[in-house]
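Letter by letter, the chains look like this.
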Amino acid sequence: MICEECGGQFEKPKKGPRKRFCSSGCRSRAWRRGDRAAPTEPGRNRLALEETLRVQPPPASTAAHIEAARSLADAVDGDPKNSPLWGRYLDALERLADLTVAEEEAEIDAELDKLRALGPRM
Ligand SMILES: [Zn+2]
């Protein structure tokens, strides 16, 4: 048999389930690498985030924060029991919400300035 991690040959076990790796070292190396890799399919947090971004698109000025929130959503999906990671994800969402509100207020101010400019000059 061929080890999926190091490619080395190893004996097929006489009984028990079919093995994929030649040793426990190779098995844990492969597991760690797989764990670090981003999930290929978006997880439920990433999907929920994308849905929110679609329904309520944040301003373009927050693009970097959106990307940060996306990668944290992926990280949380890959490791849902990691509470510090959850904290960072929730912080990123809050920052995004704050920036969105700030941007909208600035837009409303700009609109009000235009209305004010239409008024009589004093
Ligand atoms: Zn191996």
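One numbering rule holds for all chains: residues counted from 1, following each sequence as written. The predicted nature of this model means local features are confined to residues of pLDDT at least 70 and side-chain atom pairs, given and counted, to a pLDDT of 80 or more, with totals for whole chains, interfaces and linings taken over all residues.

### A few points about the overall build of the protein chain
The helix count covers DSSP runs of H or I at least four residues long, the strand count covers runs of E at least two residues long, and both are numbered beginning at the N terminus. When helices and strands are tallied, the protein chain shows four helices and zero strands. Each helix and strand of the protein chain, ordered N terminal to C terminal, gives the series α-α-α-α. Against the compact-globule benchmark of 14 Å for 122 residues, the protein chain has a radius of gyration of 25 Å, which places it well outside the compact range. A principal-axis box enclosing the C-alpha atoms of the protein chain has dimensions of 95 × 25 × 20 Å. When burial is assessed residue by residue, the protein chain has 11% of its 122 residues classed as buried. By definition, residues are in contact whenever their C-beta atoms, placed on the basis of the backbone, come within 7 Å of each other. Sequence separation of at least 24 residues holds for 51% of the intrachain contacts in the protein chain that already meet a minimum separation of 6. Put simply, the radius of gyration uses C-alpha atoms, and a globule should come to 2.2 Å times the residue count raised to 0.38. Partly exposed residues are those whose C-beta has more than 12 but fewer than 20 other C-beta atoms within 10 Å; 20 or more makes a residue buried and 12 or fewer makes it exposed, with C-beta atoms placed from the backbone.

### Comments concerning the domain arrangement of the protein chain
Where the parts come together, the accessible area they lose is often given as the size of the interface. Each assigned domain of the protein chain is listed with its residue range as follows: domain 1 (1-37) and domain 2 (44-118). Start and end positions for the domains come from either an automated domain assignment or a database one. Here domain 1 and domain 2 have C-alpha centroids that lie 42 Å from each other.

### Overview of helix α4 (residues 83-118)
Given the number of residues in a helix, its expected span is that number minus one, multiplied by 1.5 Å. With 36 residues, α4 extends 53 Å between its outermost C-alpha atoms, agreeing within 8% with the 52 Å of an ideal straight helix rising 1.5 Å per residue. Across the 36 residues that make up α4, only a small minority, three, are buried. Turning to α4, its buried residues are Y89, A92 and L96. At its buried positions, α4 is contacted by α3 (63-78).

### Considerations on the environment of W86
Relative to the helices and strands, W86 resides in helix α4. Overall, W86 belongs to the partly exposed group, with 16 C-beta atoms counted inside 10 Å. Taking C-alpha positions, W86 is 8.6 Å from A73, a pair spaced 13 residues apart along the chain.

### So, the packing of helix α2 (residues 44-55) against α3
In this analysis an axis means a line fitted to C-alpha atoms, helices contributing only their contacting stretch, and an angle means the value between N-to-C directions, from 0 to 180 degrees. The contact between α2 and α3 brings their axes to 7 Å, and the two run at 150°. Here α2 lies roughly antiparallel to α3, going by the angle between them. From α2, R44, N45, R46, L49 and L53 reach across to α3, where they touch I66, A69, R70, A73, D74, V76 and D77. Each residue receives one of three labels: charged for Asp, Glu, Lys and Arg, nonpolar for Ala, Val, Leu, Ile, Met, Phe, Trp, Tyr, Cys and Pro, and polar for the others, Gly being one of them. Here the residues of the contact of α2 with α3 are counted per class, giving six nonpolar, one polar and five charged. Angles are sorted into four bins: roughly parallel if under 35 degrees, roughly antiparallel if over 145, roughly perpendicular if 65 to 115, and oblique for all others.

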